[in-house]
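Okay, here's what each chain looks like letter by letter:
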Amino acid sequence: MLWLVWVYLLNLQSGALGFGINPFSGDSFNHQTITERALLNVTAQVCRALALAEGKDFTFPAQPFTAKSIANACEAPKSYKFFLPNILFIQSMNAAVDLRRLFEARYHCDDELLREGQRLITEGLSAVKAANRKQSFLSARLTLGGILHTLQDFYSHSNWAELRNKFPNINMIRRNANIGNIADRTTATCRSCNGDDCRNNILENVISRNILTSGYFVVRPMSSNKPKGKCSHGGFPDATSSVEPKGGINKDSYSSSHGYLHREAAELAIAATSQILEDIRGASGDREFLQLMGLSKGSSKALCFVVDTTGSMGDDIAAVQTVTSNIIDSKVGTEDEPSLYILVPFNDPDFGPLIKTTDAEVFKGHINSLTAYEGGDLPEMSLSGLQLALTGSPPNSEIFLFTDAPAKDKYLKNTVIALIEQTKTVVNFMITGILSSRRRRQANENQQQQQTQRMARSDSQLYRDLSQASGGQAIEVSKNQLLQATSIITESTSSSLVTLLQVNRNMGRPENYTFSVDDTLTNLIIYITGSSVDFTLVNPSGELHNGASTGPSIITAELVGNLLTLRLRAQVGLWELRIISTNPYTMKVVGQSPIDFILRFMVQSQGPVDGYDLLENRPTAGSNTSLEVTLLEADSTTVTEVTLVESSGSGQVNGLVEAQGGGQYLVHFDKIPSVEFVVLVKGQSTNSTTSRASSVTFQRQSTTSLRASTLTVTVSDTGSVLEPGTPLLVPFSVTTTGDGGNYVIKATNDQGFDLTFPSSLTLESGGSANGTASITAPSTSQSGTGVTLTIEAEAPGGADTNYGVLRLTVLPKVTDFSPPVCQLVSLQSNCSDNCNQSMWELSVEVTDGENGTGIDRISLREGSGMLNSNITTANGSVTLVSYNASCCSPNVQIVVVDQVGNVDVCSYSIKPTTPSSSGAVQPSLLCLSVMILGLMLGCQIR
């Protein structure tokens, strides 16, 4: 089984953290496996429902499910490259609760704070649903991981299993619902264990009266505040377990105090996780749920354009419109069809809005409606538009920015680089005429013209810096060459695109590069950007090719502006590229292959738990670090080398590679390069069709340039919700391992919301300082709007920077906690033995109650008949729904969602009985059971 886990190395005697977060904990369940199983099972159910709705068969893959087997079963094999990282991210956000909020009892349902845990879960669930509606999937995944941890801990830390409950507590995911009779603070709940035997330590009256409790947990012995007679969590490092009553009740592992119920608690947690995922599925819709997971029958890549719409951009916009039509017409219905289309226009003084759609024709309409009109002065808000695109696009996207003007908002450079690093997004700049005389009526004077050109060159360098940081390219062409240069966009839409090698050279000099080509690679291309760059290519057979004499290995060589494109005939083995240039240039070797990798930097936890946490900004300079590498083709490939390579030089640092199983590798580095670097992975491919299968070497490189910092910026997790009109205080800290001084603080957000923050903090050498930012969403902000807050710290002199990023979801106060209600009006059937010749129909009245927010969506989940509904607001919010179908399709599930995401699944069925002597058929109404992992969630007959 492929372990879809985040690597945390914990040395705990028992799981004190809720099922533990150590993936290598023997046979015990942990948060990662519980989350994985539920995600994969619910995703499979969604794919099955969609297949049946399309009249197709669906075959479940063999158990145990893996991300790859589910992607294949869902007819979305190329989406595996995105599905797996999303599962890993949700798991890592789940595990982070233990490392970042260890002492906050409500996040773990400890200390009998069960209602507080319920509140965290339900508030987070509302934020997930709202974010999904706005397609802010990254924010939704982040919040989802956190609330899953609290939900799963309920079954490990409370006595729900000891009360002999066989099904999850559905009210844990329902706002303001009664989760049970919770013990008050004066009610004793436990006696001391009999030595190591804690089976009977919960008092009999607690069990007989069905009273809910949970163990108290404190790490430091001097701070034990367990009330008299209360149960402890138990095990190391819980200090309350040595205070009467001694022992504990946690079920985190088989070796825990109540480890005899570990499997039962884990199965309840899996079922509860499935329940909350089913609720999210109902609120969002099946296809949108798959988007949240990163599954699409196309490539799952987003096609994202950021377009300058000022007066001189008419030709450029026409080129964008043409290339968009070409891509859509050639990709729709294929494995490389983009799953998401994003457009951000900008000019001066405006930028946005971000337009996001999954409908290719809708996107084409938005693109075709773009018009160029005269703006203000020359520079445009290009970086503001790019910032909006970076925060609104899925991670690992590729963005194309079209402009012919300098950036007016250069101050956003570090913010943009921070977002590029965090999202691993590639940004390509398509620059036309940036050195021309656009709107420079006064530029006839030589001195002024020279100054303008110097500024333009500086802005060209800004775009080059940003493209190089992301692994993209800054392509400079004339306006009549732009359409020819956009062929690179068509290539980039393939989800199978991988990078073999990429280098940036700010000072040109003769240099030789080598790269290995394996037999899984197709469509091998070399991109070289720069002026006056001479090359010689040597294939594995030793044949030479250059600009003057292209040999058989080069299929085509095309020069457009400053972009040289070499399309190669792939040949397995070691290639060499010799470049001679006195000018700056970039070189990139790409191809298409299923072999790729995911990388994640980790940082060792500074708390009482010995573990590793996800590093979400720059690693610390001058210290050792760890990196997790996950191979996407784990069955046929093995990693042998992982190296940190300087982006603009030849220096490198080799890592110590430790295989963890299931395609995962933990790589340790004793230092980090002091300059920008990329990650180079090499290994062996054994699934080869050639006679040299055992010796085929592959190499892959990360695209984003990374860098270390002597600074650490830690932004406090204040929760994921930003209430309109109410300021949110965001504490943060800045720590340096370098010299002290006055550190400049900058904070920005992609929505332009009101934001205050200290302009500087004073740090001593090797010290730290705290600050607080305040952000306020306008009272008119739409629910579900995603907000990305970036806080940067800059060392004295600007020599070093680092950042922290907080993602928030705008969510007004929710007052509607009740799901809609279905009331059966009529059901009629004339079903006979020949179901093809008979029909049945029903009529249902759907209401959202007196104080409800109104019905938002009614959809069909199961059933091949015709659903008709006309959502109205008559009598508060009443909608009449009718459904008719062939008797060959006797079951139906109607999903009803209100405006705040409350969901009801109304299930009906007809069952033909044996005809009576008169030939009449009596229909019966049945409630359909929803089975998830053997659990009946139940439904109501309306």
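In case you missed it, the structure is sitting above this.
Since this is a predicted model, take the numbers as computed values, not measurements.

Moving on: the pattern of salt bridges. Tallied over the entire structure, the rule returns 37 salt bridges. In this structure, the salt-bridge partner of Glu633 is Lys68, at a minimum N-O distance of 3.1 Å. Of this pair, Glu633 sits in the loop between strand E20 (625–631) and strand E21 (637–646) while Lys68 is found in helix H2 (residues 67–73), placing the two residues 565 residues apart along the sequence. Note on Lys68: relative accessible area 27%, which makes it partly exposed. Because the salt bridges share partners, they merge into one network encompassing Glu54, Lys56, Glu75, Arg287 and Lys297.

This paragraph deals with helix H12 (residues 413–423). Among the 11 residues that make up H12, 8 are buried, leaving the element largely enclosed by the rest of the structure. If you check which residues of H12 are buried, you get Thr415, Val416, Ile417, Ala418, Leu419, Ile420, Glu421 and Thr423. Lys424 sits one or two residues past H12 and shows a positive phi near 55 degrees.

Burial analysis of strand E25 (residues 677–685) places 7 of its 9 residues in the buried class, which makes it a mostly covered element. As paired strands, E21 and E25 are joined by 9 bridges and run antiparallel to one another. Its bridge partner lying in E25, Glu641 is registered against Lys682. Pairing geometry for E25 and strand E26 (residues 697–701), over 5 bridges, is antiparallel. Of the residues in E26, the one forming a bridge with Gly683 is Phe698.

Pairing in this open sheet of 4 strands is antiparallel, and the strands run E22-E21-E25-E26 from one edge to the other. Taken across any chain shown, the strands that pair with only one partner, and hence form the sheet edges, are strand E22 (652–654) and E26. Sheet twist, expressed as the average angle between the axes of neighbouring strands with direction ignored, equals 25 degrees.

Moving on to the nonpolar core. With 63 residues, the main nonpolar core has Phe83 and Ile276 as its most contacted residues. Broken down by secondary-structure element, the contributors of at least two residues to this core are helix H1 (31–53), H2, helix H3 (80–100), helix H4 (114–133), helix H5 (137–157), helix H7 (262–284) and helix H8 (286–293). Looking at this core element by element, the count peaks at 10 residues for H1. If you look at the next biggest cluster of nonpolar residues, it comprises 31 residues, including Val320, Phe400, Met430 and Ile488.

What counts as what
Residues numbered from 1 in each chain as written. Predicted model: local features only at pLDDT ≥ 70, side-chain atom pairs only at ≥ 80, totals over all residues. Heavy atoms only, no water. Salt bridge = Lys/Arg side-chain N within 4 Å of Asp/Glu carboxyl O. Helix = DSSP H or I, 4+ residues; strand = E, 2+ residues; numbered from the N terminus. Buried < 20%, exposed > 50% of the residue type's maximum accessible area, 1.4 Å probe, protein only. Pairing = 2+ DSSP bridges. Axes fitted to C-alpha atoms, helices over the stretch in contact; angles between N-to-C directions. Core = buried A, V, L, I, M, F, W, Y, C linked by side-chain atoms within 4.5 Å.

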